[in-house]
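Understanding the architecture of this molecule
As a plain string of letters, each chain reads:
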Amino acid sequence: MEEAPERLEIRQRFPSWREMLKPVKKFEEGRVSYLSLPKQVNSEFFKMPFGDVERDLDDLKLPENWKEIFLDAMKDTLEKNRAFKVFMDICVRCGACADKCHYYIGTGDPKNMPVGRAELIRSVYRRYFTPAGKIFGELAGARELTEDVLKELYYYAYQCSLCRRCSVFCPYGIDTAEIVWWLRRMLSRVGLNQRFMTISIEASSRTGNHLGLLPGGMYGSIQQGLEELKDITGFDLHTYINKKGADVLFVAPSADYFATPHWYVMLGYLLLFNELEERYGLTITWSTYAGEGGNFGSFHSYEAAQLLNSKLYKEAERLGVSFIIGGECGHMWRDKHQFINTMNQPPKNEEWKRFWENPDLGELAEGLRGIRFDSYASGEHGWIHILEFVAALIEHKKIKVDKSRNDQWIATYHDPCNIARGMGLIEEPRYVLRNVMNNFYDMPEHTIKDKTYCCGAGGGLLADELMDLRMRGVMPRMMAVRHVYKKYGVNILLTPCAIDKAQFPHALEYWKIPVEVGGPMEMVGNALVLTAFGEKPEDRQYDLRGEPLKKEEGE
Ligand code: SF4
Ligand code: SF4
């Protein structure tokens, strides 16, 4: 793991638009993504053009006709994607987005302003696709596509986490994340792919999950979870893996199988699934083939996104389930909410079709009748978010919770960009938290909900070599956490996103804020009373971290 920088210096500069056209030549250490290795992009499963060459930014080893290939890819994008074409033309440089990007705030680099970032490719668009740019060149804000410009495009395309915060503030709704997404695809056409992302895509296309876990490893991890839960609850619990005929397929981000603090969320899922089966007969299975709900392909290109999400519907159909529940992953929900059913055919099995004709849980488990999925924010595509699901169980009084089991925690909640801005799931996680714990405080309003700040490591930027950028980009979020830490004594930052859970422990240490990190499902697992097993609220002695539960004063 790359060391976090000792000190961050932020210099704000506002160059002229003319100056912005000159490509930067000096790439800051800690902000440049490594380029992919040949075996990643040229794997049997994930083939990308010109993937068989080892390259770095000093020597791109571009194909001879690289300019033609890049501009052809741009022409194709302009013709097929109306939004991209509109975004190239309508920016009025009002600057409303300028200070809304966490990377601009943290680096002070004007090319990290959303408008500055989009101008990098817009200037090329003007030169080759507009009459004014062709005739007047620089005077019309146009520039030649040179190798230096190409390097600069790569450098800044991977200093954007695709978080879409800027688009919330743009009066024209310009989505810089979408511009960058298409730009990354153009770069990949000439062989420029980011290493961290392609490692994950290759692993997921080969094994079904980003971490490359094999079925035995996943199975062993889940079994380990059940053993830990036996120590904590005293009950023999079980689960299903690859079970044909189960009601539901559950898909987690792969970090939940072994990383910390993700692991405690995994224990929370297992407790909930056991209670639901024992009490209502609802059966939920995991899959070793579709063991990953996240999709790093959605940070790279249409083709990669489609490739990775294809396995999920196929597995749902093979197992004959009625719907899918997705776990605590952020970008899983951009992928499922925006893309999945436009890229792949939904499952065709009878159980699926029957359930979605009348999506009432009572059709699968009589005791759960009345919980209808057609009123959900998620669910449109057969996918239910775990926190929306739990919110409904609480609202309909289908599970029993004891808030006091979380009294050791004073929590705040981070809205992952793709869940809050991407799909509008904003109130349900808060509803769950207020019902499973006594101490919950939101961060300041301009930093949460649809205006949430990125964790600084999304969109493929969790790479070790980007530590400087990550610690800079996370600064606005950390300042908001520090605020609630000082004001309310917050001691845990909860987030339903695996990338956040990996990034925040480093960030909190770097920014010297003594706060732990966890997920809402850990709090649900702590509070959940296993009534079907005869558990009483006062029976549980330890939380999911194995710590003794807080006792009343004097005890
Ligand atoms: S807010 Fe929108 S129109 Fe204004 S500079 Fe930014 S992208 Fe352009
Ligand atoms: S999408 Fe996010 S990271 Fe990218 S430019 Fe906009 S605010 Fe910055």
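In case you missed it, the structure is sitting above this.
Please read all numbers here as calculations on a predicted model, not as lab measurements.

Focus: the overall build of the protein chain
Check the secondary structure of the protein chain and you find 23 helices and ten strands. Computed over its C-alpha atoms, the radius of gyration of the protein chain comes to 24 Å, within 12% of the 24 Å expected for a compact globule of 555 residues. Each principal axis of the C-alpha distribution contributes one length, and for the protein chain these read about 80 × 55 × 40 Å. Counting over 555 residues, the protein chain shows a buried share of 62%. Long-range pairs, those at least 24 residues apart, make up 79% of the contacts in the protein chain between residues at least 6 apart in sequence. Here the protein chain displays about 21300 Å² of accessible surface, and carbon together with sulfur accounts for 49% of that area. The distance from the centre of the 71 positive side-chain charges to the centre of the 78 negative ones in the protein chain is 6 Å.

Section: the environment of L528
Inspection of the secondary structure assignment puts L528 in strand 10 (residues 528-529). Residue class for L528 comes out buried when judged on its relative accessible area of 0%. The spatial distance from the C-alpha of L528 to the C-alpha of P253 is 22 Å, given a sequence separation of 275 residues.

Comments concerning the sheet that holds strand 4 (residues 323-326)
Pairing is parallel across the open sheet formed by five strands, whose spatial order is 1-3-2-4-5. At either margin of the open sheet sits one strand with a lone partner, and together these are strand 1 (240-241) and strand 5 (383-385). Bridging between strand 4 and strand 5 involves three bridges; their strand directions are parallel. In the sheet register, I324 faces strand 5, and the bridge partner there is W383. Relative to strand 3 (residues 284-286), helix 13 (residues 262-280) is tilted by about 145°, and along the sheet it contacts strand 1, strand 2 (248-251) and strand 3. Its contacts with the sheet place helix 17 (residues 386-395) against strand 2, strand 4 and strand 5, and it is angled at close to 70° to strand 5.

A closer look at a nonpolar patch on the surface
Among the surface-exposed residues, I135, F136 and L139 lie close enough to one another that they form a single nonpolar patch of about 380 Å² accessible area. For I135, the location among the structural elements is in helix 7 (residues 131-136). A relative accessible area of 63% means that I135 is categorised as exposed.

Quick notes on the packing of helix 4 (residues 82-90) against helix 10 (residues 176-189)
In contact at an axis separation of 10 Å, helix 4 and helix 10 are set at 110° when each is read in the N-to-C sense. Taken as axis vectors, helix 4 and helix 10 run roughly perpendicular relative to one another. The residues of helix 10 that touch helix 4, namely those facing A83, F84, F87 and M88, are E178, I179, W182 and M186. Of the residues in the contact of helix 4 with helix 10, the class split is seven nonpolar, no polar and one charged.

Points about the environment of N439
Here N439 is to be found in the loop between helix 19 (427-436) and helix 20 (467-473). As a C-alpha pair, N439 and A411 span 28 residues in sequence and 6.1 Å in three-dimensional space. At 3.1 Å, the side chain of N439 and the backbone oxygen of W409 are in polar contact.

Focus on the pairing of strand 2
Going residue by residue along strand 2, you find V248 and F250 tucked away on one face and L249 and V251 tucked away on the opposite face as well. Bridging between strand 2 and strand 3 involves two bridges; their strand directions are parallel. Residue pairing in the sheet places L249 in a bridge with T285 of strand 3. Following the chain from strand 2 across helix 13 to the adjacent parallel strand 3, one finds a crossover that is right-handed. As paired elements, strand 2 and strand 4 share four bridges and run parallel to each other. Across the sheet, V251 pairs through a bridge with G326, a residue of strand 4.

Notes on the site of ligand 1
Every residue close to ligand 1 is listed here: C91, V92, R93, C94, G95, A96, C97, V115, C170, P171, Y172 and I174. A per-class count over the shell around ligand 1 returns ten nonpolar, one polar and one charged.

Focus on the side chain of D175
In this fold, D175 is placed in the loop between helix 9 (165-169) and helix 10. A distance of 3.0 Å separates polar atoms of two side chains, one belonging to D175 and the other to R164. If sequence neighbours within four positions are ignored, D175 has contacts with F87, R164 and S167.

Digging into the environment of L508
Mapping L508 onto the fold places it in helix 22 (residues 498-510). Distance in space between the C-alpha atoms of L508 and Q40 is 32 Å, their sequence separation being 468 residues. For L508, the contacting residues outside a window of four places in its chain are M478, V481, L493, I513, V515, E516 and V517.

Here we look at the nonpolar core
Counting 97 residues, the largest nonpolar core has F70, I121, L145, L150 and M478 as its most contacted members. The element contributing the most residues to this core is helix 10, with eight residues. Contacts of L150, omitting those with residues within four sequence positions, involve L60, L62, W66, F70, L145, L187, V190 and L192. Counting 63 residues, the second largest nonpolar core, distinct from the first, contains L267, I399, M521 and L530.

With respect to the site of ligand 2
Neighbouring ligand 2 are 13 residues, the closest being C101, C160, C163, R164 and C166. Those elements giving two or more residues to the shell around ligand 2 turn out to be helix 5 (102-107), helix 6 (114-129) and helix 10. Of the residues in the shell around ligand 2, the class split is eight nonpolar, three polar and two charged.

Reading the values: the criteria
Counting starts from 1 at the beginning of each chain's written sequence and moves along it residue by residue. Each chain gets a letter, beginning with A, and each ligand a number, beginning with 1, in the order they are written. In view of the model being predicted, local features appear only for residues whose pLDDT reaches at least 70, and side-chain atom pairs are presented and counted only at 80 or more, with totals across whole chains, interfaces and linings using the full set of residues. Side-chain calculation: all heavy atoms of the structure are included, whereas hydrogens and water are not. Only runs of H or I of at least four residues qualify as helices and only runs of E of at least two qualify as strands under DSSP, and these elements are numbered from the N terminus. With the radius of gyration taken over C-alpha atoms, the globule rule is written as 2.2 Å times the number of residues to the power 0.38. Working definition: with a 1.4 Å probe on protein chains only, accessible area under 20% of the residue-type maximum means buried, over 50% means exposed, and in between means partly exposed. Between two residues, a contact is recorded if the distance between any of their heavy atoms is within 4.5 Å. Note on areas: these come from Shrake-Rupley sampling with a 1.4 Å probe, and a residue is covered only by the protein chains present in the view. For the charge count, each Lys or Arg is scored as positive and each Asp or Glu as negative, with His and the chain ends excluded. By convention, the point assigned to a charge is CZ for Arg, NZ for Lys, CD for Glu and CG for Asp. One requirement defines pairing of two strands: DSSP has to find at least two bridges between them. Axis definition: a line fit to C-alpha positions, over the contact stretch in the case of helices; interaxial angles, taken between N-to-C directions, run 0 to 180 degrees. Surface patches are drawn from residues lacking salt bridges whose relative accessible area is over 30%; two like charges belong together within 9 Å, two nonpolar side chains (Val, Leu, Ile, Met, Phe, Trp, Tyr) within 5 Å. One side-chain nitrogen of Lys or Arg within 4 Å of one carboxyl oxygen of Asp or Glu is enough to make a salt bridge. An angle counts as roughly parallel when it lies under 35 degrees, as roughly antiparallel when it exceeds 145, as roughly perpendicular when it falls between 65 and 115, and as oblique in every other case. Gly is placed with the polar residues, together with every amino acid not listed as nonpolar (Ala, Val, Leu, Ile, Met, Phe, Trp, Tyr, Cys and Pro) or charged (Asp, Glu, Lys and Arg). Polar contact is the term for a pair of N or O atoms within 3.5 Å; when the atoms are in protein, one must be able to donate a hydrogen and the other to accept it, and sequence-neighboring residues count only if both atoms are side-chain atoms. Handedness of a crossover is defined as follows: with both strands directed away from the viewer, a clockwise route from the first strand across the helix to the second makes it right-handed. We call a residue near a molecule or strand when any one of its heavy atoms sits within 4 Å of it. What is meant by a nonpolar core is a set of buried Ala, Val, Leu, Ile, Met, Phe, Trp, Tyr and Cys residues, joined one to another through side-chain atoms within 4.5 Å.

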